[in-house]
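Descriptive analysis of the structure
Spelled out from the first residue to the last, the chains are:
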Amino acid sequence: MSSADSLSLCPTYAPALGFGGAMIALVMACVGSAYGTGKAAMGISTIGVEQPDIVMKNIIPVVMAGVLGIYGLIIAVIISNQIVGVVGNAVGYSLFTGFAHLGAGLCCGMSGLAAGVAIGVAGDAGVRAVAKQGKMYVGMVLILIFAEALGLYGLIIGLIMTSKNSEVCGAGPVE
């Protein structure tokens with residue numbers, strides 16, 4: 001491979017794309033997790049004043065929102081462990097791998113954010129509905145499961161995307 005090919009396929013900024021993907025995955029998933037937790041907790045606090053005995057039963061939206069942050073953490077750790085800096089006098093991390101990791105971070109982070117919003121809104125309304133009519137509990141849980149699945153889809157695709165590595169720079173991911 002010529003020097004010009006090496007610079008175009010393995011630029012010095014390629015690792016920044018990977019680090020950006022790791023950051024986006026973690027930050028956006030945690031923002032979604034925090035929003036979902038806060039929004040659902042407002043509903044739980046509201047019903048807890050009148051009916052404290054059903055608070056623990058209705059804590060499910062908070063737990064489900066918390067899991068979203070873990071999805072972002074998983075992708076961020078995987079990406080960070082695969083980033084290779086300078087090996088000898090050459091960059092050991094390709095542009096292809098950098099964009100794959102950026103895409104994985106965006107996929108996981110943005111789906112985690114969307115799932116957090118969905119869980120927060122559905123959880124808030126759901127716990128308030130359960131406080132008025134106990135039979136709404138199963139319906140609330142099903143809605144929350146489908147909202148959580150949005151984040152899980154992002155995690156799965158993110159994991160697939162992090163496995164896409166290019167060995168063109170001569171140094172693969174650190175094993």
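Note that the structure is predicted; figures quoted are calculated from it, not measured.

A short note on the state of the cysteines
According to the stated counting rule, one finds 1 disulfide in the structure shown. There is a disulfide in this structure between Cys10 and Cys169, and the S-S distance comes to 1.8 Å. Of note, the bridge from Cys10 to Cys169 carries an S-S torsion of about -105° and is left-handed in sense. Of this pair, Cys10 sits in the loop between helix H1 (3-9) and helix H2 (14-50) while Cys169 sits in the segment after helix H5 (137-162), placing them 159 residues apart in sequence. This pair shows no difference in class: Cys10 is buried, exactly as Cys169 is. Lacking any disulfide linkage, Cys30 is separated from the closest cysteine sulfur, that of Cys108, by 9.8 Å. The thiol of Cys108 is not disulfide-bonded; the next cysteine sulfur, from Cys107, is found 7.2 Å away.

Topic: the packing of H2 against helix H3 (residues 60-82)
It is at 8 Å that the axes of H2 and H3 come closest, and there the two elements cross at 175°. Here H3 runs roughly antiparallel to H2, going by the angle between their axes. Class assignment for the residues of the contact of H2 with H3 results in 16 nonpolar, 9 polar and no charged.

Observations concerning the pattern of salt bridges
Within the structure shown, the criterion is met by 2 salt bridges. Note that Asp124 is salt-bridged to Lys39, the shortest N-O span being 3.4 Å. Taken together, the residues Asp124 in helix H4 (residues 95-132) and Lys39 in helix H2 connect sequence positions 85 residues apart. Given a relative accessible area of 9%, Asp124 falls into the buried group. A salt bridge links Asp124 to Arg128; its shortest N-O distance comes to 2.7 Å. Taken together, the positions of Asp124 and Arg128, both in helix H4 and 4 residues apart, correspond to about one turn of that helix. Several salt bridges converge on common partners, so that one network encompasses Lys39, Asp124 and Arg128.

Overview of the packing of H3 against H4
Packing of H3 against H4 leaves a shortest axis separation of 8 Å and a crossing angle of 175°. The orientation of H3 relative to H4 falls into the category roughly antiparallel. Along its contact with H3, which presents Pro61, Met64, Ala65, Leu68, Tyr71, Gly72, Ile75, Ile79 and Gln82, the element H4 presents His101, Ala104, Gly105, Cys108, Gly112, Ala115, Gly116, Ile119, Gly123 and Val127. Its residues assigned to classes, the contact of H3 with H4 comprises 12 nonpolar, 7 polar and no charged.

Rules used throughout
Residues numbered from 1 in each chain as written. Predicted model: local features only at pLDDT ≥ 70, side-chain atom pairs only at ≥ 80, totals over all residues. Heavy atoms only, no water. Disulfide = S-S within 2.5 Å. Helix = DSSP H or I, 4+ residues; strand = E, 2+ residues; numbered from the N terminus. Buried < 20%, exposed > 50% of the residue type's maximum accessible area, 1.4 Å probe, protein only. Axes fitted to C-alpha atoms, helices over the stretch in contact; angles between N-to-C directions. Parallel < 35°, antiparallel > 145°, perpendicular 65-115°, else oblique. Nonpolar A, V, L, I, M, F, W, Y, C, P; charged D, E, K, R; others polar. Salt bridge = Lys/Arg side-chain N within 4 Å of Asp/Glu carboxyl O. Contact = heavy atoms within 4.5 Å.

It is worth stressing that arrangement in space is one thing and function is another; only the former is reported here.
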